[in-house]
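Descriptive structure summary
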Amino acid sequence: MNADDGMTLRGPVLGLESSCDETAAAVLAPDGIILAEAVLSQEQEHAVYGGVVPEIAARAHLAALPGLAETVLHRAGLGYADLGAVAATSGPGLIGGLIVGASFGKGVAIAQGLPFVAVNHLEAHALTARLPGLLPEGAPAFPYLLLLVSGGHCQCVAVEGLGRYRRLGTTLDDAVGEAFDKAAKLMGLPWPGGPHLERLAATGNARAVPLPRPLLGRAGCDFSFSGLKTAVARALAQGTARREDVAASFQASVAAVLADRARHALGMMPVATAVVVAGGVAANGAVRTALAGAAMAAGVPMLAPPLRLCTDNAVMVAWAGIERLRAGLIDPMDHNPRPRWPLAELAGAA
Ligand code: KG4
Ligand code: ZN
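Each chain has its residues counted from 1, running along the sequence as written. The lettering of chains begins at A and the numbering of ligands begins at 1, in the order of writing. A pLDDT threshold of at least 70 governs which residues receive local features in this predicted model, and a stricter bar of 80 or more applies before side-chain atom pairs are shown or counted, although totals over entire chains, interfaces and linings include all residues. Computation of side-chain values: all heavy atoms of the structure, hydrogens and water removed.

1. Thoughts on the confidence of the model for the protein
- The quantity called pLDDT is the predictor's confidence in a given residue, expressed from 0 to 100. Averaged over the protein, the pLDDT score is 96; the fraction of residues at 70 or greater is 98%.
- Of all secondary-structure elements in the protein, the lowest mean pLDDT belongs to strand E1 (residues 2-3), at 48, while strand E2 (residues 13-17) reaches the highest, 99. Here a strand is any run of E in DSSP of at least two residues, a helix any run of H or I of at least four, and the numbering for each starts at the N terminus.

What follows is the structure, given as structure tokens:
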């Protein structure tokens, strides 16, 4: 990683995302205006297996990414020669997909003589809310609390500045989206089960089935969901509770736990200016309401990027690239993708 004095971008930035099961590409103008974006979900390919199969994901990224990059460039009325930089997710995530995206990105950068930014996927989620013009409330100022609630991640992160992150808490077992998916599977719902479970829960009684609220009230802001999943399995196996009541009670339990953990996280960073939520679970109405309540109690706004930018996308990757390029942070062409890449190991701005 080289840090110099920041750099003037001479053209738009191509962002590439391929760390899990979404292939995505986007082009952003140097000021962060979105010129074109596209996401291809591999949900169909993986649904029959009930989860993401890494080898299938890597092959699907390889098949889709070059065409998708051309599509967004075409939509933006640009060619590769017009670009000013390339940013590709280089971790954390599934190594096959990361190699596809990072190698393709470096190929474009080398061919066009452009700077390359190896983007940390978690940093990209963390910085999305700062996209110019995105939120009616305006971009949050540092420091803010990020609640990353997706299928692969469940973390409370203190976002203190570009490249400066402190993980306040994480899950001890399953990610929250994974918990939704496992509970949904137990209820016989298709994968990924989160949205199906939410629809089922809408017809149920959230107080009908007593379920545990793991770590609620405990110090810190770690999460745990495996005990809750076991309790769901037990409640369903007994055969006395209605499925929709189990779904509603499960969702209420998760929402209460997330709000409690967010409250604790805010207690750990009293200077936070906002709570920013990201990840697919941010789509859940009960979760959003509970988190908004926790934020309000602390006197800060809860900010949620539009859902398409909460879930995996390439706009956030291009934007993280722009923030890094502005700070003079570019990466060498021998930067290797990292399946594990904690935020704490990121180099930040001076
Ligand atoms: O961020 P995302 O699209 O992908 C990654 O995991 O990176 O998140 C997907 C996760 C899945 O576990 C899915 O079931 C969950 O988000 N999800 C939801 C809802 N919509 C998506 N969980 C609960 N309620 C929803 N409405
Ligand atoms: Zn993600």
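Text resumes after the structure shown.
2. As for the site of ligand 1
- One heavy atom within 4 Å of a molecule or strand makes the whole residue count as near it. Residues in close proximity to ligand 1 total 17 residues, the closest being Gly 151, Asp 181, Glu 198, Gly 280 and Asn 284.
- Side-chain atoms alone can form a polar contact between residues adjacent in sequence; in general such a contact is a pair of N or O atoms within 3.5 Å, and within protein one must be able to donate a hydrogen while the other accepts it. Measuring from an oxygen atom of ligand 1, one finds a backbone N or O atom of Gly 194 at 3.0 Å.
- A distance of 2.9 Å is found between an oxygen atom of ligand 1 and a backbone nitrogen or oxygen belonging to Gly 280.
- Protein contacts shield 87% of the accessible area of ligand 1, which totals 550 Å² for the unbound molecule.
- Taken together, the elements giving at least two residues each to the shell around ligand 1 come down to helix H5 (176-186) and helix H6 (194-201). Accessible surface area values rest on a Shrake-Rupley calculation with a 1.4 Å probe, where residue burial reflects the displayed protein chains alone.

3. Quick word on the coordination of the zinc ion (ligand 2)
- In this analysis a donor is any N, O or S atom within 2.8 Å of a metal ion (3.2 Å for sodium, potassium and calcium), and since water is not included, sites may seem incomplete. Coordination sphere of the zinc ion (ligand 2), protein contribution only: His 121 (NE2), His 125 (NE2) and Asp 312 (OD), at 2.1 to 2.2 Å.
- Written as a sequence motif, the donor residues of the zinc ion (ligand 2) are H-x3-H-x186-D. Residue His 121 and its partner His 125 are both found in helix H4 (residues 121-127); the two are separated by four residues, about one turn of the helix. Considered together, His 121 and His 125 belong to a single accessibility category, that of buried residues. For the exposure calls, accessible area comes from a 1.4 Å probe over protein chains only, and a residue counts as buried if that area is under 20% of its type's maximum, exposed if over 50%, partly exposed in between.

4. Quick notes on H6
- Taken residue by residue, H6 has Gly 194, Leu 197, Leu 200 and Ala 201 as its buried positions. Seen along its axis, H6 keeps its buried residues to an arc of 125°; they face one direction.
- Buried residues along H6 sit against H5 and helix H8 (243-268). For this quantity, the arc is that covered by the directions from the helix axis to the C-beta atoms. Throughout, a contact is declared for two residues whenever any of their heavy atoms are within 4.5 Å.

5. As for the sheet that holds E2
- One open sheet accounts for five strands, arranged E4-E3-E2-E5-E6; its pairing is mixed. Taken across any chain shown, the strands that pair with only one partner, and hence form the sheet edges, are strand E4 (34-41) and strand E6 (116-120). Ignoring strand direction, the axes of neighbouring strands in this sheet form an average angle of 15°.
- The pairing of strand E5 (residues 85-91) with E6 spans five bridges and is classified as parallel. Counted as the bridge partner of Val 86 is Phe 116 from E6.
- The sheet contacts of helix H2 (residues 54-75) involve E2, strand E3 (22-28) and E4, and relative to E3 the element is tilted by about 25°.
- Each of E2, E3, E4, E5 and E6 touches helix H11 (residues 315-326); the most contacted strand, E2, lies at about 130° to it. For two strands to be treated as a pair, DSSP must find no fewer than two bridges joining them. Every axis in this analysis is a line fitted to C-alpha atoms, fitted for helices over the stretch in contact. Angles between the N-to-C directions lie between 0 and 180 degrees.

6. Here we look at the packing of aromatic side chains
- The pairing test for Phe, Tyr and Trp rings, Trp by its six-membered ring, is centres within 6.5 Å, and the orientation test on the planes gives stacked under 30 degrees, edge-to-face over 60, and tilted for anything in between. In this structure the tally under the stated criterion is three aromatic pairs.
- Taking the centre distance of 5.8 Å and the plane angle of 10° together, the rings of Phe 142 and Tyr 144 count as stacked.
- What makes Phe 142 partly exposed here is its relative accessible area of 27%.
- For the pair Phe 223 and Phe 225, a centre-to-centre distance of 6.2 Å together with 20° between the ring planes defines the contact as stacked.

7. Details of the sheet that holds strand E11 (residues 302-303)
- In space, the five strands of this open sheet follow the order E9-E8-E7-E10-E11, with mixed pairing throughout. Two strands close off the open sheet at either side, each with one partner strand: strand E9 (164-170) and E11.
- Note: strand E7 (residues 144-149) against strand E8 (residues 154-161), six bridges, orientation antiparallel. In the sheet register, Leu 145 faces E8, and the bridge partner there is Ala 158.

8. What to know about the nonpolar core
- The set of buried Ala, Val, Leu, Ile, Met, Phe, Trp, Tyr and Cys residues whose side-chain atoms join them within 4.5 Å is what this entry labels a nonpolar core. The biggest cluster of nonpolar side chains holds 54 residues, and the ones touching the most others in it are Leu 145, Val 176, Met 187, Leu 197, Phe 225, Phe 250 and Leu 258.
- At the level of elements, E7, E8, H5, H6, helix H7 (226-238), H8, strand E10 (275-278) and helix H9 (285-297) are the ones that each hand at least two residues to this core.
- If one sorts the elements of this core by residue count, H8 sits on top with 12 residues.
- Core analysis: the second largest hydrophobic core is formed by 43 residues, Ala 87, Ala 124, Leu 134 and Leu 343 among them.

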